[in-house]
Amino acid sequence: MTGQAVTSSPVAERARRRIMRRILPYLFILYVIAYIDRANVGMAGLEMSKALGFTAEVFGFGAGIFFIGYFLLEIPGSLIVEKWSARGWIARIMISWGIVAVGMGFIHTATQFYVMRFLLGAAEAGFFPGIIVYLSHWFRSEDRAKAIAMFMAATPISFIIGSPISGLLLGINWFHTDGWRWLFIIEGVPAIIFGIVTIFYLTDWPHQAKWLEADEREWITSELEREKQLKQKKHSYRIWEAFKNRDVILLTGAYFLIVTSGYGLSLWLPVLVKKISGSSNVMVSLIVTLPFCFQLISMLLVGWSSDRTGERRLHTVVPMIALGIGLLLSAVLQNNVVLSVSMLCLAGAGLGYLPCFWSIPTSFLTGATAAATIGLINSVGNLGGFVGPSVVGWLNTATGSFFGGLLYLSLSALVGTGLILALRPVKQKAAAAEK
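Residues numbered from 1 in each chain as written. Predicted model: local features only at pLDDT ≥ 70, side-chain atom pairs only at ≥ 80, totals over all residues. Heavy atoms only, no water.

A.B. asks: Looking at this structure, how should I read the overall build of the protein chain?
C.D. replies: When helices and strands are counted, the protein chain shows 23 helices and 0 strands. Across the 435 residues of the protein chain, 59% fall into the buried class. Pairs at least 24 residues apart make up 84% of the contacts formed inside the protein chain by residues separated by at least 6 positions. (Helix = DSSP H or I, 4+ residues; strand = E, 2+ residues; numbered from the N terminus. Buried < 20%, exposed > 50% of the residue type's maximum accessible area, 1.4 Å probe, protein only. Contact = heavy atoms within 4.5 Å.)

A.B. asks: How should a nonpolar patch on the surface be read in this particular structure?
C.D. replies: Where nonpolar side chains cluster on the molecular surface, the patch consists of Leu-168, Val-282, Met-283 and Leu-286 and spans about 360 Å² of accessible area. Here the element with the most residues in the nonpolar patch is helix 15 (residues 281-287); it accounts for 3 residues. Structurally, the position occupied by Leu-286 is in helix 15. (Patch = residues over 30% accessible without salt bridge, like charges linked within 9 Å, V, L, I, M, F, W, Y side chains within 5 Å. Areas by Shrake-Rupley, 256 points an atom, 1.4 Å probe, with all protein chains shown as cover. Salt bridge = Lys/Arg side-chain N within 4 Å of Asp/Glu carboxyl O.)

A.B. asks: How do you make sense of the side chain of Ser-306 when you look at a structure like this?
C.D. replies: As for its position among the elements, Ser-306 is in helix 16 (residues 289-309). When residues no more than four places from it in sequence are discounted, the contact partners of Ser-306 are Ala-145, Glu-311, Arg-312, His-315 and Cys-356.

A.B. asks: Could you clarify how one ought to interpret helix 10 (residues 154-169) in this entry?
C.D. replies: One full turn of an α-helix is made of 3.6 residues, so residues set three or four places apart face in the same direction. Between the first and last C-alpha of helix 10 there are 21 Å, a value that for 16 residues agrees with the 22 Å anticipated at 1.5 Å per step. With 12 of its 16 residues buried, helix 10 lies for the most part within the structure. (Expected span 1.5 Å × (residues − 1).)

A.B. asks: Before we go on, may I ask you to explain the packing of helix 2 (residues 10-39) against helix 9 (residues 141-152) in this structure?
C.D. replies: When two helices pack together, their arrangement is given by the angle between the helix axes and by the axis-to-axis distance. Packing of helix 2 against helix 9 leaves a shortest axis separation of 8 Å and a crossing angle of 35 degrees. Two packed elements cross with a definite hand, and for helix 2 against helix 9 that hand is right-handed. Residues Arg-16, Met-20, Leu-24, Leu-27, Phe-28 and Tyr-31 of helix 2 form the contact with helix 9, whose own contacting residues are Asp-143, Ala-147, Met-150, Phe-151 and Met-152. (Axes fitted to C-alpha atoms, helices over the stretch in contact; angles between N-to-C directions. Left-handed = near helix turned anticlockwise from the far one by under 90°.)

A.B. asks: Just checking my understanding: could you explain the side chain of Glu-223 for this structure?
C.D. replies: Note that Glu-223 resides in helix 12 (residues 214-234). Exposure remark for Glu-223: the relative accessible area of 7% places this residue in the buried category. Within the local environment of Glu-223, its side chain forms a polar contact with the side chain of Arg-226, the two groups lying 3.1 Å apart. (Polar contact = N/O pair within 3.5 Å; in protein donor to acceptor, adjacent residues only side chain to side chain.)

A.B. asks: How should I be thinking about the packing of helix 6 (residues 86-103) against helix 7 (residues 110-124) in this particular structure?
C.D. replies: Remark: helix 6 packs on helix 7, axes separated minimally by 8 Å, with the N-to-C direction vectors making an angle of 165 degrees. Considered as vectors, helix 6 and helix 7 are oriented roughly antiparallel to each other. Viewed along their axes, helix 6 and helix 7 form a crossing whose handedness is left-handed. Residues Arg-92, Ile-93, Ser-96, Trp-97, Val-100, Ala-101 and Gly-103 of helix 6 pack against Met-116, Leu-119, Leu-120, Ala-123 and Glu-124 of helix 7. (Parallel < 35°, antiparallel > 145°, perpendicular 65-115°, else oblique.)

So this is what it looks like as structure tokens:
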């Protein structure tokens, strides 16, 4: 009863509203930029592979090697956000990945492609888990799935915005330079600009926020501290203890499998749609936005429903099942363009699992332990971003078809679903912690 009174007080409402308006739109823009620079290789591949003589295997390996560099620096980056300065580290990440993203426009060989994608992953490492940790500095656990959903809506929107822009850029030829090169150069510049802005715009902790009123700073600081003490009383994990925790291991394995599936789909989607439809690059860029429109709707609805009910596990599982089934049916129905694209839209809706998934580790871990664990789950899990595109490329080269690759991605999603079902229900944990 007391918690309800505090939550609905005028100070609480003012603070929550002001924090949401100040932080989420800006983080949303940063993640749109990050995702465009990470995934625009899928659209560039429509022309780049042909221009540079890359096979499907070479392209898939290069697209996926991003996640090897990403893996190596993920956990240190997450701890830096918690222990040092979120704005300083996020700004460093953005400026360095912007420079590398621009450099992608100057590659000529497969080796250069591999090196630049690896460096892009290393430059961006720590950005996403750092943001998840940063959100835990500003949003209570009961508000967090909705906040993560609003932030992660940038994932589908980056495709919805970026794909048509990339499609148009592929058609230019300024200064006798191919459009796919301009695509990398033009889309890399915003990361550098916003990296500089981040230093001046973001605030590391609520008690430093001059843009909040004194009573608002006091309210959010006390709420987060109370939540931290409650979790530590119930679950006091050291970092290495958390790494051995059963649920952390399950989350890491599940994320590896679901990322294998998700990135295998998103990085190959333009080439897949081009093959099954035979459409122009511009038309392909419009068609590939459809699955991500469904992802956006799914993420917002799932995040809202999860915060309303307090349930996380099943809200993660249901979309993952949709992803697996959508991929399976799209493989079976490849010869029918309309039905195949419809099933890809179902798979896109399945990617709406993300906000609820990332609300699970912060529901029972805090502080540096939560930061390191999120970094562990994200870094190991994102190795799936290397495996998925690489396996699809290898199978496509070996068989001349996407059938085997889509089947593999579907299986990954469904096995990952089983691991999430093996988790202890988060809602029950939360209820137990309040007693």
